[in-house]
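Chain by chain, the residues run as shown.
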Amino acid sequence: MIVMKFGGTSVESAHAIERVAGIVRARRDRQPVVVVSAMGKTTNKLLAITDAAIQGRREESMRLLGELRDFHLAEAALVGGLDEAINEHFQELSELVQGIGVLGELTPRSIDAVSAYGERLSSLIVAQAFNHFGLDAVHADSRKVIVTDNRHTQAAPQYAETYRRLEATVAPLAQERVVVMGGFIGSTEEGVTSTLGRGGSDFTASIVGAGINAEEIQIWTDVDGMLTADPTVFKGGHRVKTISFAEAAELAYFGAKVLHPATVIPAIERDIPVLILNSRRPEVPGTRISRETVASKNPVKSIACKKKITLVNIASSRMFMAHGFLRRIFEVFDRHETSVDMIATSEVSVSLTVDNPARLEAVCRELGEFAEVSTEPGQAIVCLVGENIRYTPGVAAGVFGALGDINVRMVSQGASLLNLGFVVAEADLAATVEALHNRFFAELDPAVFD
Ligand code: ADP
Ligand code: ASP
Ligand code: MG
């Protein structure tokens, strides 16, 4: 058995879904379980609809909802039609959105209830389309198999129960027919719909892969694989043919959106390779992520980056670091459930980065009780990742040499020793990535890069 996950752009239209059906058909004998994202930008649209409702723009929210319904009806009509089910879903959704508007209150639980419709609909449509194109497919409701805790919008899977259900229901089904499931969604033990967080369909694929003991987890997307740099920031990147779980996890964590950061967790546990593949160019071999690392002449495998970072500088009000200073700082962040990505300390100060500033004001107010605090928004993290960075002298010198007069705000080498990260102003990001790419990928080891 294999798991094949198709992202939003891969299922954005009837035409795209037809291409997916062809890709799945060619792998039919490997007993695929197919996991799909919401069609195109549906999740963003659902959240915009909820936003409009909560802000009292009822007409706008109903208009957007109507457009989204018509889009799903029209695309589904091209692959066999599914009017009744789609209309029913939108009827429920419309009641839900109106309820949210009337109450004027949006809880994480109701956000999940709304955003889950994207994958609920896409999985029904894709299953229908597969049958329309001659594949014997069956839909499985992910909310009946993926069990999570109740941390809505960011729920964590309860592995034991989820694996038990996958093994009991999905694995036997997949031996007969192509199973189609929605990614991203699950439900709590009480049966309340939950989601795994934005980009979470990759994570679903990996959970399903581990649960059915798949031989491979394939992530089909809109790029040729993991590239040596984020293509939205730098265009000249190359495909990385092979990379370790640890490297992929680090890249994902530091912004390589092509993979959800948690994806590797179930895969590592059961030692299942993860492939990243392009649904528009299925002949390209993609990137293989697995336990073993291939020796590479290039110390850096890829450059990840993360925009919209806030740098927080915290200086001890006393002249030196009294003991307990770091503890107090982290207690504040912990209390406000604000996670810190990168940190550097000196004798009297601590710099750290935060990517979610929602509660930063409150954090700073509390920090201000025992330290001097300043924040700088508009920063970016750039992170070089490669298992060989730790064995290669001169990587840091190479970075600073390449950057010339670009101002580096903070530097940090992770404890894992396979990354070297730093912070620059967002305005310098493109120039930074280009300079580093030129420095570290001027020559490519053909065993690792294409
Ligand atoms: P999907 O909808 O298939 O899950 P995503 O948009 O979540 O697709 O992820 C794919 C995108 O990830 C690519 O289009 C690309 O812009 C972005 N990306 C960021 N960093 C990288 C990288 N190092 N390699 C490849 N893609 C990357
Ligand atoms: N549809 C969800 C999102 O847009 C999950 C995913 O695509 O992975 O975040
Ligand atoms: Mg994604």
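Going by the structure above, here's the rest.
Residues numbered from 1 in each chain as written. Chains lettered and ligands numbered in written order. Predicted model: local features only at pLDDT ≥ 70, side-chain atom pairs only at ≥ 80, totals over all residues. Heavy atoms only, no water.

Student: Quick question: what am I supposed to make of helix α13 (residues 429-440) here?
Tutor: Given 3.6 residues per turn, any residue in an α-helix points the same way as the ones three and four places further on. The end-to-end C-alpha distance of α13 is 16 Å, a good match for the 16 Å that twelve residues give at a rise of 1.5 Å each. Looking only at α13, the buried set comprises L429, T432, V433, A435, L436, H437 and F440. Buried residues along α13 sit in contact with β12 (302-316), β15 (371-385), α12 (395-403) and β17 (419-425). (Helix = DSSP H or I, 4+ residues; strand = E, 2+ residues; numbered from the N terminus. Expected span 1.5 Å × (residues − 1). Buried < 20%, exposed > 50% of the residue type's maximum accessible area, 1.4 Å probe, protein only. Contact = heavy atoms within 4.5 Å.)

Student: Explain the pattern of salt bridges to me, please; I cannot follow it from the model alone.
Tutor: Between side chains of opposite charge, a pair can form when the charged atoms approach closely. Going through the model one piece at a time under the given rule, you end up with 23 salt bridges. In this structure, R30 engages E215 in a salt bridge whose closest nitrogen and oxygen atoms are separated by 3.0 Å. With R30 in the loop between α1 (14-25) and β2 (32-36) and E215 in the loop between α7 (201-211) and β8 (216-221), this pair connects stretches of sequence that are 185 residues apart. For R30, a relative accessible area of 26% corresponds to the partly exposed category. With its nearest N and O atoms 2.4 Å apart, the salt bridge here joins D224 to R281. Highlighted residues: D224 in the loop between β8 and β9 (242-244) and R281 in the loop between β10 (274-278) and β11 (287-290), separated in sequence by 57 residues. Taking relative accessible area as the criterion, R281 reaches 39% and is therefore assigned partly exposed. Salt bridges here are not isolated pairs; linked through shared partners, they connect R30, E215 and E216. (Salt bridge = Lys/Arg side-chain N within 4 Å of Asp/Glu carboxyl O.)

Student: Whenever I open this one, the site of ligand 2 confuses me. Can you help?
Tutor: Lining the immediate environment of ligand 2, one finds S37, T43, E119, F184, R198, G199, G200 and S201. Here S37 contributes a side-chain N or O atom positioned 3.1 Å from an oxygen atom of ligand 2. Across the shell around ligand 2, the residue classes tally to one nonpolar, five polar and two charged. (Near = heavy atom within 4 Å. Polar contact = N/O pair within 3.5 Å; in protein donor to acceptor, adjacent residues only side chain to side chain. Nonpolar A, V, L, I, M, F, W, Y, C, P; charged D, E, K, R; others polar.)

Student: Which parts of the structure should I look at to understand the pairing of β17?
Tutor: The side chains of a regular strand alternate between both faces of the sheet. For β17, the buried fraction is high: six of the seven residues fall into the buried class. Looking at chain direction, β15 and β17 are connected through seven bridges and run antiparallel. Along β17, the bridge assignment pairs V382 with F422. In this sheet, β17 lies alongside strand β16 (residues 410-413) in antiparallel orientation, the contact comprising four bridges. When the bridges of β17 are listed, V411 appears paired with F422. The loop that links β16 with its antiparallel partner β17 comprises five residues; one of these, L417, has a positive phi angle of about 65 degrees. (Pairing = 2+ DSSP bridges.)

Student: Quick question: what am I supposed to make of the pairing of β15 here?
Tutor: Of the pairings in the sheet, the one linking β12 to β15 comprises twelve bridges and is antiparallel in character. Looking at β15, one finds that C305 is bridged to V382.

Student: Explain the site of ligand 1 to me, please; I cannot follow it from the model alone.
Tutor: Near ligand 1, the surroundings consist of 16 residues, among which K5, T221, D222, L227 and K257 are the closest. One of the backbone N or O atoms of G8 is found 3.1 Å from an oxygen atom in ligand 1. In the model, an oxygen atom of ligand 1 is placed 2.7 Å from a nitrogen or oxygen of the T221 side chain. Taken by itself ligand 1 offers 570 Å² of open surface, and the protein chains cover 87% of this. Within the shell around ligand 1, the residues separate by chemical class into seven nonpolar, five polar and four charged. (Areas by Shrake-Rupley, 256 points an atom, 1.4 Å probe, with all protein chains shown as cover.)

Student: Before we go on, may I ask you to explain the side chain of R27 in this structure?
Tutor: By the element assignment, R27 lies in the loop between α1 and β2. Buried charge R27 goes without a salt bridge, the closest partner of opposite sign being E216 at 6.9 Å. For R27, the residues in contact, after removing those within four places along its chain, are I2, M4, P32, Q218, W220 and P282. (Lys, Arg positive; Asp, Glu negative; His and termini not counted.)

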